[in-house]
Amino acid sequence: MIPIFAFLFGSLVGSFLNVCIHRLPREESIVFPSSHCPACQVPIRPWDNIPFLSFLLLRGRCRACGTPIPWRYPLVEGLTAILFAATASRFGATPLAVTLLLFLSALMVIAFIDLDHQIIPNIITLPGIPLGLLASLVVGGPPLLDRIIGALAGAGFLYLVLLYGGVVYGQDAMGEGDLIALIGAFLGWKGVLITILVGCLSGSVVGLALIGFRRLHRREHMPFGPFLAFGATMALFWGERLVGWYFRFLR
């Protein structure tokens, strides 16, 4: 029952995360005004704001003006619901699970904002770093020292990599440093290593595919935040298994 409840609750949280994804880059309040259509500004009625169901009943359009509703909205709701259910199944109804749900929610918002606007909001990463470090003293998980090393070493390593990339390609590529520090604060240095490995691998595969299909120019910037978020999620749920596969591959 707990995973089912977590799935339903996660879909509701995903609806709120969509508000954050839309409003934070525009420096708008995530509390006021209430949910409304971005096109016509008409407030959304409660029965038109039910995760998944309302999108299907409205056929993906605003009831008031008929403007198409982006597929991102049900996608975020679905992904958040799945992550909440998976976290509840893995960690149970524990304080650690609550902390990880906050972490995963932050990753969701960061990934989609970076995907849409190519920015990583400091309003999420900077407060999240000390929160992740303090979590080790309250809910357990990776030891505090591991988290500090992960935040510092991970951010420093990625800063150098992105600095080199910025020099070579003439682009500013430093924003992900705060994100990797956030990941290190929650998952520790082992989680950072897995995150960087999976993020670079998945990002390379997608980037090469887009270049091959001529959807992306070689010197065009591709948001890296979503791939780091994906790597952190893999590290959280399958970190030990991925490490085992990696060392077996090296043999």
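Residues numbered from 1 in each chain as written. Predicted model: local features only at pLDDT ≥ 70, side-chain atom pairs only at ≥ 80, totals over all residues. Heavy atoms only, no water.

Let's shift gears to the overall build of the chain. Within the chain, the regular secondary structure consists of eight helices and zero strands. For the chain, the succession of helices and strands along the chain, N to C, is α-α-α-α-α-α-α-α. Element-wise, carbon and sulfur atoms account for 70% of the exposed surface of the chain, whose accessible area totals about 14,500 Å². (Helix = DSSP H or I, 4+ residues; strand = E, 2+ residues; numbered from the N terminus. Areas by Shrake-Rupley, 256 points an atom, 1.4 Å probe, with all protein chains shown as cover.)

Counting residues in hydrophobic clusters, the biggest one holds 46 residues, and the most contacted among them are F103, L107, V109, L179, L182, I183 and L187. Mapped onto this core, the elements with two or more residues apiece are α1 (2–23), α3 (72–91), α4 (95–117), α5 (122–138), α7 (176–212) and α8 (225–250). (Core = buried A, V, L, I, M, F, W, Y, C linked by side-chain atoms within 4.5 Å. Buried < 20%, exposed > 50% of the residue type's maximum accessible area, 1.4 Å probe, protein only.)

So, about the packing of α1 against α3. Any two packed helices are characterised by how steeply their axes cross, that is the angle between the axes, and by the distance between the axes. Direction vectors running N to C along α1 and α3 enclose 140°, while the axes themselves pass 6 Å from each other. Comparing their axes, α3 and α1 come out oblique. Our pair here, α1 against α3, has a crossing hand that is right-handed. Grouping the constituent residues of the contact of α1 with α3 by class yields 15 nonpolar, eight polar and two charged. (Axes fitted to C-alpha atoms, helices over the stretch in contact; angles between N-to-C directions. Parallel < 35°, antiparallel > 145°, perpendicular 65-115°, else oblique. Left-handed = near helix turned anticlockwise from the far one by under 90°. Nonpolar A, V, L, I, M, F, W, Y, C, P; charged D, E, K, R; others polar.)

Looking now at the packing of α4 against α5. Across the interface, α4 lies against α5 with an axial gap of 11 Å and an inter-helix angle of 160°. Taken together, the axes of α4 and α5 lie roughly antiparallel to each other. Two packed elements cross with a definite hand, and for α4 against α5 that hand is left-handed. Counting all contacts with α4, which are made through T99, A106, V109 and I110, the residues of α5 involved are I124, T125 and A135. (Contact = heavy atoms within 4.5 Å.)

Pairing between side chains of opposite charge can happen when their charged atoms approach one another. Under the criterion given, the structure shown has two salt bridges. The salt bridge involving R63 is made with D48; its shortest N-O contact spans 2.7 Å. On the criterion of sequence distance, the pair formed by R63 in the loop between α2 (53–57) and α3 and D48 in the loop between α1 and α2 is long-range, its members being 15 residues apart. Assessed through its relative accessible area of 51%, R63 is described here as exposed. Between D116 and R72 there is a salt bridge, and its shortest N-O distance comes to 3.4 Å. Here the residue D116 occupies a position in helix α4, and R72 occupies one in helix α3, the gap between them amounting to 44 residues. (Salt bridge = Lys/Arg side-chain N within 4 Å of Asp/Glu carboxyl O.)

A cluster of nonpolar side chains, contributed by L134, L137, V138, L144, I148 and L152, occupies part of the molecular surface with about 600 Å² of accessible area. Those elements that provide at least two residues to the nonpolar patch are α5 and α6 (144–169). With respect to the secondary-structure elements, L137 resides in helix α5. (Patch = residues over 30% accessible without salt bridge, like charges linked within 9 Å, V, L, I, M, F, W, Y side chains within 5 Å.)

Once that is clear, we can look at the packing of aromatic side chains. A full pass over the atoms with the stated rule returns seven aromatic pairs. Aromatic side chains F103 and F186 sit 4.7 Å apart centroid to centroid with 20° between the ring planes, which places their arrangement in the stacked category. Here F103 is found in helix α4, whereas its partner F186 is found in helix α7, with 83 residues between them in sequence. The exposure class of F103 is buried, given its relative accessible area of 2%. Positioned above the aromatic ring of Y73 is the side chain of R72, whose terminal nitrogen or guanidinium carbon lies 4.5 Å from the ring centre. (Phe/Tyr/Trp six-rings, centres within 6.5 Å; stacked < 30°, edge-to-face > 60°. Lys NZ or Arg CZ within 6 Å of the ring centre and 35° of its normal.)

The next thing to look at is the confidence of the model for the chain. Scored by pLDDT, the chain has a mean of 87; 87% of the residues are at 70 or more. Averaged over each element, pLDDT in the chain is lowest for α6 (71) and highest for α3 (96). Taken as a whole, residues 167–174 scores under 50 in pLDDT and shows twelve contacts with residues more than four places along the chain or in a different chain. (pLDDT = per-residue confidence, 0-100.)

Along the chain, V76 falls in helix α3. On a C-alpha basis, the gap between V76 and P51 in space is 9.9 Å, while along the polypeptide they are 25 residues apart. Excluding its chain neighbours within four sequence positions, the residues that come into contact with V76 are G14, L17, N18, I21, M108 and F112.

Let us now look at the environment of I211. With respect to the helices, strands and loops of the structure, I211 is situated in helix α7. When near neighbours in sequence (up to four residues on either side) are disregarded, I211 contacts L216 and R218.

Here we come to α5. The first and last C-alpha atoms of α5 sit 24 Å apart over 17 residues, in line with the 24 Å expected at 1.5 Å per residue. If you look at α5, its biggest bend is around 30°, right at G128, and the proline P130 turns up within four residues after that. Along α5, the residues classified as buried are I124, T125, G128, I129, G132, A135 and S136. Phi turns positive one or two residues past the end of α5, at G140, with a value near 85°. (Expected span 1.5 Å × (residues − 1). Bend = angle between axes of the 7 residues up to and from the residue.)

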